[in-house]
Amino acid sequence: MSQYNFPDALGHFGPYGGTFASETLTHAINELRDAYAKYQNDPEFLREFRYELAHFVGRPSPVYHAARTSEEMGGAQIYLKREDLNHTGAHKINNVIGQAMLAKRMGKPRIIAETGAGQHGVATATICARYGLECVVYMGAEDVKRQSPNVYRMKLLGATVIPVESGSKTLKDALNEAMRDWVANVDNTFYIIGTVAGPHPYPMMVRDFQSVIGNECLTQMPEMLRDQKIAAEQPDAVVACVGGGSNAMGIFYPYIPHEKTRLIGVEAAGEGLDSGKHSASLQRGSSGVLHGNRTFILQDQNGQITETHSISAGLDYPGVGPEHAWLQEIKRAQYVGITDKEALDAFHYLCRTEGIIPALESSHAFAYAMKLAKEMRKDQSILVCLSGRGDKDIGTVADLSGGEYYDRPSMRGHTVKGGPAA
Ligand SMILES: *Cc1c(COP(=O)(O)O)cnc(C)c1O
């Protein structure tokens, strides 16, 4: 894999990626591509990026050895990359800083973004407050209702939140509306996309900004493994959840040349991969065009996007970044599913066993790592990207559990010993 050199100059990852956008956006996209090409290796740009990550985000984030979990699983050692400890509580801030820095240099004082659960909206509003940029966030009207704490956070940070009333009033409608705004205001507006999707150069640019996650792991893991007297320098497997795929690309990308390390992306299997109620674009989707690029999407025979489902809003997306479609095709990465129930069990297990309340998205990755650990030896290791913290999810968890999760006899003991059913 030492030859891995993607995307090409036009943003293609094999047959995936590229630029599928209306003519009205061609100028804006070209302008962004040229600006990123100019700054991506600029020492001053990179110095400022590193400074912001260190002093505003709190990087590097630690790697944590989940010793009790590893012991209970009885197999591989499990390590957690603690993106939950970042300012604003997830990995998303890494990327929005990079894009906002570009917006400043391109002389664009107005930022737009779309958000589903509100996490990307909060990160964007945060950096706009920091840099004194105007911030407009599009959000489906249904999501505005469901995610009121994040809507309030964005407003506290000075952003304007625009509820989108069209279609299903969720993320994909907010995306369409943000695109429309961009077309109308290209001169003064920068569109910050929150994951490795969209037209070229977004998938590559977001991956590059997020790859700070994996690059830190490359230097942190040898010491962590030495502590446990493990001979290997790097983990045997890296596991991350995949919604649009940005935290996964961020931790995978620097590991691509390390062929002994398996890369495993975990999609939301919802009520089961064969239930029709899931968000597993890579495992149950097919090639198509969505949001400006060719990738794997969940669609019917007529190419209409189908309804998706996941307990976790951040994974509930009918597409996936094009680079994941490519990594799956060339078999450098493998993609698996974790159901709502398995994720919820893993959420409770991590709370009680390690004292960490994870995001429901990240709980999918942790759930798979626990299954996998049981099949591996004690001198092997798994690195999990813990993409975010779970504060935002405690309402969802309480509702799903009738508010009485721990009072139900079936849950007692179950979450304390042994972990989720395999
Ligand atoms: C948004 C989000 C995700 C999903 O987005 P990716 O682009 O797939 O990383 C995962 N975890 C958390 C905590 C999130 O906020």
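Residues numbered from 1 in each chain as written. Predicted model: local features only at pLDDT ≥ 70, side-chain atom pairs only at ≥ 80, totals over all residues. Heavy atoms only, no water.

Caption draft 1: Examining the overall build of the chain more closely. Regarding its fold elements, the chain presents 16 helices and 14 strands. In the chain, which comprises 422 residues, the proportion classed as buried is 59%. Contacts spanning at least 24 positions in sequence make up 73% of the contacts within the chain whose residues lie at least 6 apart. If you sum the accessible surface of the chain, you get close to 16,800 Å²; carbon and sulfur atoms cover 50% of it. (Helix = DSSP H or I, 4+ residues; strand = E, 2+ residues; numbered from the N terminus. Buried < 20%, exposed > 50% of the residue type's maximum accessible area, 1.4 Å probe, protein only. Contact = heavy atoms within 4.5 Å. Areas by Shrake-Rupley, 256 points an atom, 1.4 Å probe, with all protein chains shown as cover.)

Caption draft 2: Broad picture of the packing of aromatic side chains. The tally for this structure, following the rule as stated, stands at 12 aromatic pairs. Relative to phenylalanine 209, the ring of tyrosine 36 has its centre 5.8 Å away and its plane inclined at 75°; by these criteria the two rings are edge-to-face. In this pair, tyrosine 36 is assigned in helix 1 (residues 23-39) and phenylalanine 209 in helix 9 (residues 202-210), connecting sequence segments 173 residues apart. What makes tyrosine 36 buried here is its relative accessible area of 4%. Among the aromatic residues, ring-to-ring pairing joins Tyr36, Tyr39, Phe45, Phe49 and Phe209 into one connected group. Sitting over the ring of phenylalanine 56, arginine 130 keeps its end group 5.6 Å from the ring centre. (Phe/Tyr/Trp six-rings, centres within 6.5 Å; stacked < 30°, edge-to-face > 60°. Lys NZ or Arg CZ within 6 Å of the ring centre and 35° of its normal.)

Caption draft 3: Just the site of the ligand, in detail. Around the ligand, the surrounding shell holds 16 residues, and the nearest of these are Lys92, Thr195, Gly245, Ser246 and Ser387. At 2.9 Å from an oxygen atom of the ligand is found a side-chain nitrogen or oxygen belonging to histidine 91. At 2.8 Å, a backbone N or O of glycine 243 approaches an oxygen atom of the ligand. Computed on the free molecule, the ligand has an accessible area of 380 Å², of which 96% lies beneath the protein chains in the complex. (Near = heavy atom within 4 Å. Polar contact = N/O pair within 3.5 Å; in protein donor to acceptor, adjacent residues only side chain to side chain.)

Caption draft 4: Local environment of helix 10 (residues 212-227). Given a rise of 1.5 Å per residue, 16 residues ought to cover 22 Å, and the 23 Å separating the end C-alpha atoms of helix 10 matches this to within 8%. What helix 10 keeps buried is the set Val212, Ile213, Gly214, Glu216, Cys217, Leu218, Gln220, Met221, Pro222, Met224 and Leu225. After helix 10 finishes, the residue lysine 229 shows a positive phi value of roughly 60°. (Expected span 1.5 Å × (residues − 1).)

Caption draft 5: Structural context of the pattern of salt bridges. Applying the stated rule across the entire model yields 24 salt bridges. In this structure, the salt-bridge partner of lysine 169 is glutamate 165, at a minimum N-O distance of 3.5 Å. Between lysine 392 and aspartate 393 there is a salt bridge; the shortest N-O distance is 2.9 Å. Each member of the salt-bridge network shares a partner with another, and the members are Arg59, Lys81, Glu83 and Glu216. (Salt bridge = Lys/Arg side-chain N within 4 Å of Asp/Glu carboxyl O.)

Caption draft 6: Representation of the confidence of the model for the chain. Per-residue confidence for the chain gives a mean pLDDT of 94, with 95% of residues at or over 70. Scored below 50 in pLDDT, residues 409-422 makes 31 contacts in the model with residues more than four places away or belonging to other chains. (pLDDT = per-residue confidence, 0-100.)

Caption draft 7: Local environment of the pairing of strand 4 (residues 77-82). The buried fraction of strand 4 is high, at 6 of 6 residues. Of the two faces of strand 4, the one lined by Gln77, Tyr79 and Lys81 and the one lined by Ile78, Leu80 and Arg82 are each fully buried. One ladder, built from 3 bridges, connects strand 3 (residues 63-65) with strand 4; its direction is antiparallel. Among the inter-strand pairings, histidine 65 is bridged to a residue of strand 4, identified as tyrosine 79. Note that strand 4 and strand 14 (residues 381-386) share 6 bridges and pair parallel. Within strand 14, the residue paired with tyrosine 79 across the bridge is leucine 383. (Pairing = 2+ DSSP bridges.)

Caption draft 8: Here's a closer look at the packing of helix 4 (residues 92-105) against helix 9. Relative to each other, helix 4 and helix 9 sit at 120°, their axes nearing to 8 Å. Note on packing geometry: the crossing formed by helix 4 with helix 9 is right-handed. Here Lys92, Asn94, Asn95, Gly98, Gln99 and Leu102 of helix 4 come into contact with helix 9, specifically with Tyr202, Met205, Val206, Phe209 and Gln210. (Axes fitted to C-alpha atoms, helices over the stretch in contact; angles between N-to-C directions. Left-handed = near helix turned anticlockwise from the far one by under 90°.)

Caption draft 9: Expanded view of the environment of arginine 68. Along the chain, the position of arginine 68 falls in helix 3 (residues 67-73). Given a relative accessible area of 46%, arginine 68 falls into the partly exposed group. The contacts of arginine 68, once residues within four sequence positions are left out, are Tyr349, Arg352, Thr353 and Glu354.

Caption draft 10: Local environment of the packing of helix 5 (residues 119-131) against helix 7 (residues 148-156). Look at helix 5 against helix 7: their axes get within 9 Å of each other, and the N-to-C directions meet at 10°. Considered as vectors, helix 5 and helix 7 are oriented roughly parallel to each other. Facing Gln119, Gly121, Val122 and Ala125 of helix 5, the residues of helix 7 in contact are Asn150, Arg153 and Met154. Across the contact of helix 5 with helix 7, the residue classes tally to 3 nonpolar, 3 polar and 1 charged. (Parallel < 35°, antiparallel > 145°, perpendicular 65-115°, else oblique. Nonpolar A, V, L, I, M, F, W, Y, C, P; charged D, E, K, R; others polar.)

Caption draft 11: Here's a closer look at the sheet that holds strand 3. Spatially, 6 strands are ordered 3-4-14-9-10-13 in an open sheet, and the strand pairing comes out mixed. What marks the edges here is a single partner per strand, and that holds for strand 3 and strand 13 (333-339). Each strand axis lies, on average, 30° off the axis of its neighbour in the sheet, ignoring direction. Pairing of strand 9 (residues 237-241) with strand 10 (residues 262-270), which is carried by 5 bridges, proceeds in the parallel orientation. Within the sheet, the bridge partner assigned to cysteine 241 lies in strand 10 and is valine 266.

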